[in-house]
Protein chains: 6
Amino acid sequence: MPDEMMERQPYEGCFSDFASAEIVLVGAGYDGTSSYRPGSRFAPVAIRAETLYAQEDYSPYFHRDIKDKAIHDAGDLELPFGDKDTVLKRIRQAARAVFRAGKKPCFIGGEHLITYPVIEAAVERYPDLHIVQIDAHLDLMDELFGSKLSHGTVMRRCYDLLGKGRIYQAAIRSGSREEFAFAAEHTRVFPFHVRELIPALANLSGVPVYLTLDLDAFDPSLIKGTGTPEAGGIFFADFIELLKALTRLNLVGCDVVELAPQIDSTNVSAIVAAKILRELLIVL
Amino acid sequence: MPDEMMERQPYEGCFSDFASAEIVLVGAGYDGTSSYRPGSRFAPVAIRAETLYAQEDYSPYFHRDIKDKAIHDAGDLELPFGDKDTVLKRIRQAARAVFRAGKKPCFIGGEHLITYPVIEAAVERYPDLHIVQIDAHLDLMDELFGSKLSHGTVMRRCYDLLGKGRIYQAAIRSGSREEFAFAAEHTRVFPFHVRELIPALANLSGVPVYLTLDLDAFDPSLIKGTGTPEAGGIFFADFIELLKALTRLNLVGCDVVELAPQIDSTNVSAIVAAKILRELLIVL
Amino acid sequence: MPDEMMERQPYEGCFSDFASAEIVLVGAGYDGTSSYRPGSRFAPVAIRAETLYAQEDYSPYFHRDIKDKAIHDAGDLELPFGDKDTVLKRIRQAARAVFRAGKKPCFIGGEHLITYPVIEAAVERYPDLHIVQIDAHLDLMDELFGSKLSHGTVMRRCYDLLGKGRIYQAAIRSGSREEFAFAAEHTRVFPFHVRELIPALANLSGVPVYLTLDLDAFDPSLIKGTGTPEAGGIFFADFIELLKALTRLNLVGCDVVELAPQIDSTNVSAIVAAKILRELLIVL
Amino acid sequence: MPDEMMERQPYEGCFSDFASAEIVLVGAGYDGTSSYRPGSRFAPVAIRAETLYAQEDYSPYFHRDIKDKAIHDAGDLELPFGDKDTVLKRIRQAARAVFRAGKKPCFIGGEHLITYPVIEAAVERYPDLHIVQIDAHLDLMDELFGSKLSHGTVMRRCYDLLGKGRIYQAAIRSGSREEFAFAAEHTRVFPFHVRELIPALANLSGVPVYLTLDLDAFDPSLIKGTGTPEAGGIFFADFIELLKALTRLNLVGCDVVELAPQIDSTNVSAIVAAKILRELLIVL
Amino acid sequence: MPDEMMERQPYEGCFSDFASAEIVLVGAGYDGTSSYRPGSRFAPVAIRAETLYAQEDYSPYFHRDIKDKAIHDAGDLELPFGDKDTVLKRIRQAARAVFRAGKKPCFIGGEHLITYPVIEAAVERYPDLHIVQIDAHLDLMDELFGSKLSHGTVMRRCYDLLGKGRIYQAAIRSGSREEFAFAAEHTRVFPFHVRELIPALANLSGVPVYLTLDLDAFDPSLIKGTGTPEAGGIFFADFIELLKALTRLNLVGCDVVELAPQIDSTNVSAIVAAKILRELLIVL
Amino acid sequence: MPDEMMERQPYEGCFSDFASAEIVLVGAGYDGTSSYRPGSRFAPVAIRAETLYAQEDYSPYFHRDIKDKAIHDAGDLELPFGDKDTVLKRIRQAARAVFRAGKKPCFIGGEHLITYPVIEAAVERYPDLHIVQIDAHLDLMDELFGSKLSHGTVMRRCYDLLGKGRIYQAAIRSGSREEFAFAAEHTRVFPFHVRELIPALANLSGVPVYLTLDLDAFDPSLIKGTGTPEAGGIFFADFIELLKALTRLNLVGCDVVELAPQIDSTNVSAIVAAKILRELLIVL
């Protein structure tokens, strides 16, 4: 792991040390390229805080307890907000450290750009990596405000690494005409919900799969604390159906991004994100 | 258009001038008869503001881009809040100017009463006008607090103009016993959702149809920023189904009313309203 | 009724006196054992306040008006927050006074612990009482923080009074492994939604049934103003389906608990709770 | 009093009936001409609600208890928001009823326009009436948005009734160049604070004085819940100094206007307004 | 220290262990007798969280750094909210452990009642203890809602322990007539501000002094996140003047109570409380 | 001016074109290095929005009207948030364009780092530039999180450009021990308030002076919407006193930074900032 880690009160129930852990939780609260509402920097601390009071360790969906898993909470990466290159390098280092140790990383963003350095590290370990992206937005622009590396270009950069047909995108309901045209040629898009994605996941049987979950995939009814909410998203029951399908795949890592907890003064967004993370950790 | 227009930063993508436009967007932020929580006066500015950052111009639901349409954003009417007669007159003038120019108006309220002067102007142009009202409330009272012209009586006044069987009311889940009795005799009510309305829209084939969309038709899960939220409403997917059915009709104008953006500090209500408006403008 | 009642502006439409009432509404705003976010103390006043402006007396779901029912709003119990024994005693006294007069109580919590003294009084009157609990949480712990009487143990204490198979628990999606194991042996659990509960209610035909409705049973999309929200809950249409099934049973009392109105600055949680209460009062 | 009164839970400690009261408290929650942020309609209910929990009856500033005074809380006037003429008429009727009975009215606004009909009634009773206005704004425009009767013209209309030199305006820090020019000729202005006003009050010895207190006179540090806050206002200690000076005058009535409680989610604005009202009632 | 401690991310800069510490910081987040707005349970965690980001370790008021002091942050006491006796016992145990080890405790409430068990322990160690109370409220009631132990009676109970003339109360601006009468006989009251208190502190030279700081002593302009805010309080500069005077006394312990951080969505209340605590720790 | 300008609804009353303007207003909403709460990106739009409704054009403090001044509102710079170098370059270009045209710039931040490129351009024009910094924080760190260019190092970088004794810092109440030591040697510090600064400004008579106003200089009572609020700041009357002193100097430019409007849901912070800006523009 990089030297620049900030110790945090761990996600409740994640008490393994690094050496004995199967899964490593890492906070990467960078929101430097957010073009609308920043604040996902606060997500890792906010999510962990809710686990102390607001939820049980046991999942009635999978009849398992988070304490049954060997999970190490490594704390948060120290990320100098104004220096994108350093930020991406530190995330890449952390992801590499986890993959090289033969463990599965679970990153808590931060904005969606944090997925890119994790995928860079993942591809080193798993050259045939596939990505399942649950997101309201395609994130397939080639440039945003003149930059190649941004929350709006992140999946295009991942495409550059993985190539055609290796990214499955579901719950999508926003993008430019050009992005949808690009997606039609180069990725697999399952718009609006996850219903058509679930049977298609059978194609991914056997290959290493990384799940990136942008919380704006959820309907803003449920999660209001995110930078660019989009009406018409998925609800929690859809997510559980998706997770059940994912248990049949070879998941090698995941991330949960784009929670901006301070937007939602009811704290419901952070509370729900904490529960989403619990279920993810249990099935990873 | 009336002289008293306030220039506004336009709804993103609506860059036609009046002469060349097919559709004219007008803000009518009046909330003077709101009996509970006022604030819909702020809706036109709030909705347009969200279009700068929070959404794409392209609709993946209809595979069209708002820039493909010739839309003029005329800005906001200057409305003296304490003087209801002047307010209604100015809205009527603006609506007339649009209808007489052979264009389709799209009004952003304000409260629901703003629909009445628009309908007055519409009926002048289209004597066989029919109305599709998507709303939580019947708005069929004959008087409210001694007044004939109010957000609670607006559809009764429209009924006075149009007569029996010309108003279709869907998503309805609130009203007095007397209003429901009146509706049973004089309008067509499709309570609770839009599922039964959709097939019935076939009856309206060929006739000019005006759509009035009170945002409290939506479930308060999705839109909390409205004066009188009512549990049990529609969600965004229902709205898209409805819009698809409406594309088969002869829509001559529409309005979106009752957003009170300042109630919802997450801004989700305004962001969703902006998207609803984008889809409406694209199908109008 | 206890001497220590605080007079309140009544729930709109509940204008009977005690003697002539069939139903008695009582506020019990205690939140002393809440382990996370307190504030349900404010629920009775907040719910009644919304009935003045935000809703009609008429239910289009049941075609009845709340004014058709003989309902007495007794106001709020004065509850010394730091003294749990006195609090529980006063609630028990109030419940007894209602049951002994042959009337049906409807309590507005406060936290879920307030259900326990009401059930104590109910069992005195109806020894074969059954409970239908709509809730996100099992509330079947034997102790919480060393205490036998808490919002997390309340249904375990009710079980101690009623015995095996008499508690039906639906919409449940949170609990420890131990609680789920206890439930499998001693209560009937219908997890996640109310769909499987509804046909099972036929078993309760003829026996006296008490309904306890923890508002966190609802999805946090709809009700954010509650202490421990849990993703994946029911929506309003599910609740109406449930109520329709309940009309075929012998309901002898009910409560609505765990609204913490100040958490939700949009007031939607209180507005929805007021409507839920209207429907409950109409079918009780 | 007008027939159209809405009964309210009274301001704590104001338990006299009308006949035996020396002071009559009346809510006039009209905000129909507010040109920026409405919501002062909610002030009367919000202020009274805070008196139940948030404050003592006893004033340590004047060593008196509100229960020592004979105060009748008449409830709130029912005001049809869209109909300004009716609104003003009802307020005038209520003020007349109080003045004719030889009592002192204390009105809770609502916006500042509500002062005008009260002054109309006051002048009937006290032809030599003088006004002390504590306010951030001069409110001396002759017209606002084409209207003679508005929150921005209210003191100009009062000037029309009273004539030159009879209005003392303090804490003023906003107005147009024209309004300041008018004030220089026709009223007495003590800008920015109340320090220069206090000695000048000696001029008013013996004449009947009406106090109108616009809460935006206070610094927005203290009161944020008002429609048009202005930096640089007075603090609570200044207000107490002012009140001490006012006790030497012949106060015949007062009002407290422009609290918009819902703007301030901390409730501090309403809590402070309730205390301001307590001190006012004690010295009236 | 009691066994039931919850580990917390420490107040920034407080890194001593218990044995080597001069000062021991203890969180006591109990709010069980709050009669209005609870939530001070969240204060210890909220205050510490702000120290990570929002402030420097160095005080320019006293030219000292918090790291210069040997301070141990013992974490938070685990307090079962519904069981007041256990709560008070655990606080007393913790205070005893600190005093007996010859160290100075600094407690973070919680509500004001938590001061009582600390004073019980302090008196055991320092029989001639005096108290300086900075507070908006006298807290001298003999009973509140039938209870002898409550946030409204806490200083009366302390009086019972210490006797006449040993409690100095400043910034006071609320209480019943009876409480002010009691104070006139039994304590020393410096109402409204701390200006008269500061010279009087010379009387306390040499005796052991405990400082209890109720944050509602501050003007609600500055601290809005407290249960019962009172207009007319002190500002930060007054507090620094007071602290300078206190450095000349023999301070043996202190507490900071009644922050309810969730009321103030700007977080300013918690940020200011963290700074107040820094200055206190530096002068203790 | 740079090509990448975003057109905005201008600050009310600033209607000159660039050529004829004496003052040029530029929005620079960058918040990329904020280490705690971002959001100052929204300040320029929020401040201008408030000028439409919430304030007069006339200043009663200086008896002048903003329309009397020739001010051009150039809109907002388009700033790619993740690319600090480009951001700083564009701000420098804009500042240069204004200074080279012989006009005075007034920048609206954004965070405090935006001052640095403006000073770079100012020094080119005015080699003997002096800075008056009104701020809670010294901002004199040499590095923050490994970066030389950050909101915490900005005045150190300005010092590098200007040299010893040319920066006057007032209202300061936060910094590390090292920063205060550096300041003692290299700048002139007037801690806590502006009272000692005002007479010292006489030293600056005749030299070109740039004013940088970090809004956290104000007490958080007044301005809560800022990233790192610090208790003990100045109030509005202090600011007016300061401005009066500044009118005697040769002001060549200014900025107002660190408003984070979305933190303060009452909008008071933005409303006050708009008024501060009005007074600044009037005296510039």
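To keep things clear, this report deals only with the structure shown in the data block. (Residues numbered from 1 in each chain as written. Chains lettered and ligands numbered in written order. Predicted model: local features only at pLDDT ≥ 70, side-chain atom pairs only at ≥ 80, totals over all residues. Heavy atoms only, no water.)

## Observations concerning helix H1 (residues 43-53) of chain E
Moving on, step 1. If you check which residues of H1(E) are buried, you get Ala43(E), Pro44(E), Ala46(E), Ile47(E), Arg48(E), Glu50(E) and Thr51(E).
Moving on, step 2. Contacts made by the buried residues of H1(E) are with strand S2 (23-28), strand S5 (71-77), strand S6 (104-109) and helix H8 (268-283) of chain E. (Buried < 20%, exposed > 50% of the residue type's maximum accessible area, 1.4 Å probe, protein only. Helix = DSSP H or I, 4+ residues; strand = E, 2+ residues; numbered from the N terminus. Contact = heavy atoms within 4.5 Å.)

## Section: the pairing of S6(E)
In the case of a regular strand, side chains alternate between the two sheet surfaces.
Residue and element names in this part refer to chain E.
Moving on, step 1. Most of S6 sits inside the fold, with five of its six residues counted as buried.
Moving on, step 2. Relative to S6, S2 runs parallel, the two sharing six bridges. Following the sheet pairing, Gly27 is matched in S6 by Ile108.
Moving on, step 3. Pairing analysis gives three bridges linking S6 to strand S11 (residues 250-257), with the strands arranged parallel. By the bridge assignment, Ile108 is partnered in S11 with Val256. (Pairing = 2+ DSSP bridges.)

## Concerning the interface of chain A and chain B
Moving on, step 1. Listed per partner, the contact involves 23 residues of chain A and 23 residues of chain B.
Moving on, step 2. Between chain A and chain B, roughly 1900 Å² of surface is buried when both sides are summed, and carbon and sulfur atoms account for 59% of that area.
Moving on, step 3. For chain A, the biggest contributors to the area lost against chain B are Tyr36(A), Arg177(A) and Lys224(A); these three give 31% of the whole.
Moving on, step 4. On inspection of chain A and its partner chain B, the count reaches two salt bridges.
Moving on, step 5. With a shortest N-O distance of 2.6 Å, Glu230(A) and Lys275(B) are connected by a salt bridge.
Moving on, step 6. Taken together, the connections running from chain A to chain B amount to seven residue pairs in polar contact (both at pLDDT 80 or more). (Buried area = accessible area lost by both parts, 1.4 Å probe. Salt bridge = Lys/Arg side-chain N within 4 Å of Asp/Glu carboxyl O. Polar contact = N/O pair within 3.5 Å; in protein donor to acceptor, adjacent residues only side chain to side chain.)

## Some remarks on the arrangement of the chains
Moving on, step 1. Between chain A and chain D there is no contact, and the shortest C-alpha to C-alpha separation is 11 Å.
Moving on, step 2. Across all C-alpha pairs, the smallest distance from chain B to chain E is 11 Å, and the two are not in contact.

## As for the sheet that holds strand S5 (residues 71-77) of chain F
Residue and element names in this part refer to chain F.
Moving on, step 1. Spatially, nine strands are ordered S1-S5-S2-S6-S11-S10-S7-S8-S9 in an open sheet, and the strand pairing comes out mixed. For this open sheet the edge positions go to strand S1 (5-6) and strand S9 (188-191), each flanked by a neighbour on one side alone.
Moving on, step 2. Bridge count between strand S7 (residues 130-134) and strand S8 (residues 167-172): four bridges; the pairing is parallel. Along S8, the bridge assignment pairs Ile131 with Ile167.

## A short note on the relation of the copies chain A and chain F
Moving on, step 1. When chain A is brought onto chain F, the operation consists of a screw motion whose angular component is 180° and whose axial shift is 0.0 Å, with 0.0 Å RMSD remaining. On the angle and the small slide along the axis, the relation comes out as a two-fold axis. In terms of proximity to the rotation axis, the leading residue of chain A is Gly32(A), whose C-alpha is 3.0 Å off the axis. (Least-squares fit on C-alpha atoms with pLDDT ≥ 70 in both.)

## Things to note about the environment of Lys244(C)
Residue and element names in this part refer to chain C.
Moving on, step 1. Along the chain, Lys244 turns up in helix H7 (residues 236-246).
Moving on, step 2. Residue classification places Lys244 among the partly exposed residues on the basis of a relative accessible area of 34%.
Moving on, step 3. Setting aside anything within four residues of it in sequence, one finds Lys244 in contact with Tyr61 and Phe62.

## What about the interface of chain A and chain F?
Moving on, step 1. In this complex, chain A contributes 18 residues to the contact, which on the side of chain F involves 18 residues.
Moving on, step 2. In this assembly, chain A packs against chain F so that about 1300 Å² is buried in total across both faces, 61% of it on carbon and sulfur atoms.
Moving on, step 3. Counting the contacts that link chain A with chain F gives zero salt bridges.
Moving on, step 4. Counting across the chain A and chain F interface gives six residue pairs in polar contact (both at pLDDT 80 or more).
Moving on, step 5. Among the residues forming the side of chain A that touches chain F, the class breakdown is seven nonpolar, six polar and five charged. (Nonpolar A, V, L, I, M, F, W, Y, C, P; charged D, E, K, R; others polar.)

## Some words on the environment of Asn203(E)
Residue and element names in this part refer to chain E.
Moving on, step 1. Mapped onto the elements, Asn203 comes out in the loop between helix H6 (197-200) and strand S10 (208-214).
Moving on, step 2. On the basis of relative accessible area, Asn203 is assigned to the partly exposed category, the value being 47%.
Moving on, step 3. Between the C-alpha atom of Asn203 and that of Gly165, which follows or precedes it by 38 residues, the distance is 11 Å.
Moving on, step 4. Ignoring anything within four residues of it in the chain, the contact list for Asn203 reads Tyr168 and Arg188.

## Re the packing of aromatic side chains
Moving on, step 1. Applying the stated criterion across every chain yields a total of 60 aromatic pairs over all chains.
Moving on, step 2. Here Phe235(E) and Phe235(F) contribute two aromatic rings whose centre-to-centre distance is 5.7 Å and whose plane-to-plane angle is 85°, an arrangement assigned as edge-to-face. Linking Phe235(E) in the loop between S10 and helix H7 (236-246) with Phe235(F) in the loop between strand S10 (208-214) and helix H7 (236-246), this pair reaches from one chain into another. No difference in accessibility class separates Phe235(E) from Phe235(F), as the two residues are buried.
Moving on, step 3. One aromatic cluster is present, built from ring pairs that chain together Tyr61(A), Phe218(A), Phe236(A), Phe239(A) and Phe192(C).
Moving on, step 4. Positioned over the ring face of Phe182(B) is Arg156(B), at 3.9 Å from the centre of the ring.
Moving on, step 5. Sitting above the plane of the Phe18(D) ring, Lys103(D) keeps its charged end 5.4 Å from the centroid. (Phe/Tyr/Trp six-rings, centres within 6.5 Å; stacked < 30°, edge-to-face > 60°. Lys NZ or Arg CZ within 6 Å of the ring centre and 35° of its normal.)

## Quick notes on the packing of helix H3 (residues 115-125) of chain F against helix H4 (residues 154-162) of chain F
All names here are of chain F.
Moving on, step 1. Running from N to C, H3 and H4 point in directions that differ by 10°, and their axes come no closer than 9 Å. One element, H3, and the other, H4, form an angle in the roughly parallel class. The chirality of how H3 crosses H4 is right-handed. Contacts between H3 and H4 involve Thr115, Tyr116, Ile119, Glu120 and Val123 from the first element and Val154, Arg157, Cys158, Leu161 and Leu162 from the second.
Moving on, step 2. Of the residues that constitute the contact of H3 with H4, the class distribution is seven nonpolar, one polar and two charged. (Axes fitted to C-alpha atoms, helices over the stretch in contact; angles between N-to-C directions. Parallel < 35°, antiparallel > 145°, perpendicular 65-115°, else oblique. Left-handed = near helix turned anticlockwise from the far one by under 90°.)

## Regarding unusual backbone geometry
Moving on, step 1. Residue Gly110(A) follows Gly109(A) across a cis peptide bond; omega there is 5°.
Moving on, step 2. Unusually for a residue other than glycine, Asp139(F) sits at a positive phi of about 55°.
Moving on, step 3. Here Asp139(F) shows up in the loop between S7 and H4.
Moving on, step 4. In this structure, Asn267(F) takes a positive phi of about 70° despite not being glycine.
Moving on, step 5. With respect to the element layout, Asn267(F) can be found in the loop between strand S11 (250-257) and helix H8 (268-283).

## Brief notes about the relation of the copies chain A and chain B
Moving on, step 1. You can overlay chain A on chain B at an RMSD of 0.0 Å; the transform is a turn of 120° with a shift of 0.0 Å along its axis. The operation mapping one copy onto its partner corresponds to a three-fold rotation axis. In terms of proximity to the rotation axis, the leading residue of chain A is Ser221(A), whose C-alpha is 2.8 Å off the axis.
Moving on, step 2. An overlap of only 17% is found between the interface residues of chain A and their copies at the interface of chain B, pointing to separate contact surfaces.

## Examining the packing of helix H7 (residues 236-246) of chain A against helix H8 (residues 268-283) of chain A
Residues and elements named next belong to chain A.
Moving on, step 1. Direction vectors running N to C along H7 and H8 enclose 10°, while the axes themselves pass 11 Å from each other. Taken together, H7 and H8 sit at an angle that is classed as roughly parallel. Residue-level inspection shows Phe236, Phe239, Ile240 and Leu243 of H7 in contact with H8, the latter providing Lys275, Ile276, Glu279, Leu280 and Val283.
Moving on, step 2. Grouping the constituent residues of the contact of H7 with H8 by class yields seven nonpolar, no polar and two charged.

## Describing the sheet that holds strand S8 (residues 167-172) of chain A
Residue and element names in this part refer to chain A.
Moving on, step 1. The strand order S1-S5-S2-S6-S11-S10-S7-S8-S9 describes an open sheet built from nine strands, whose pairing is mixed. Each edge of the sheet is formed by a strand with only one pairing partner; in this case those strands are strand S1 (5-6) and strand S9 (188-191).
Moving on, step 2. Relative to strand S10 (residues 208-214), strand S7 (residues 130-134) runs parallel, the two being bridged by five bridges. Bridge pairing in S10 links Ile131 to Tyr210.

## Describing the pattern of salt bridges
Residues and elements named next belong to chain C.
Moving on, step 1. Under the defined criterion, the tally for this structure stands at 90 salt bridges over all chains.
Moving on, step 2. Between Arg48 and Asp73 there is a salt bridge, and its shortest N-O distance comes to 2.7 Å. Of the two residues, Arg48 sits in helix H1 (residues 43-53) while Asp73 sits in strand S5 (residues 71-77), which places them 25 residues apart along the sequence. Each member of the pair, Arg48 as well as Asp73, carries the same accessibility label: buried.

## Some thoughts on the environment of Glu179(B)
Moving on, step 1. Take Glu179(B): it is sitting in helix H5 (residues 177-186).
Moving on, step 2. Look at Glu179(B) and you get buried, because its relative accessible area is 4%.
Moving on, step 3. Taking the C-alpha atoms as reference, Glu179(B) lies 9.4 Å from Arg156(B); in sequence the two are 23 residues apart.
Moving on, step 4. Those residues in contact with Glu179(B) that sit more than four places away from it in its chain are Leu138(B), Asp139(B), Leu140(B), Met141(B), Gly152(B) and Glu56(C).

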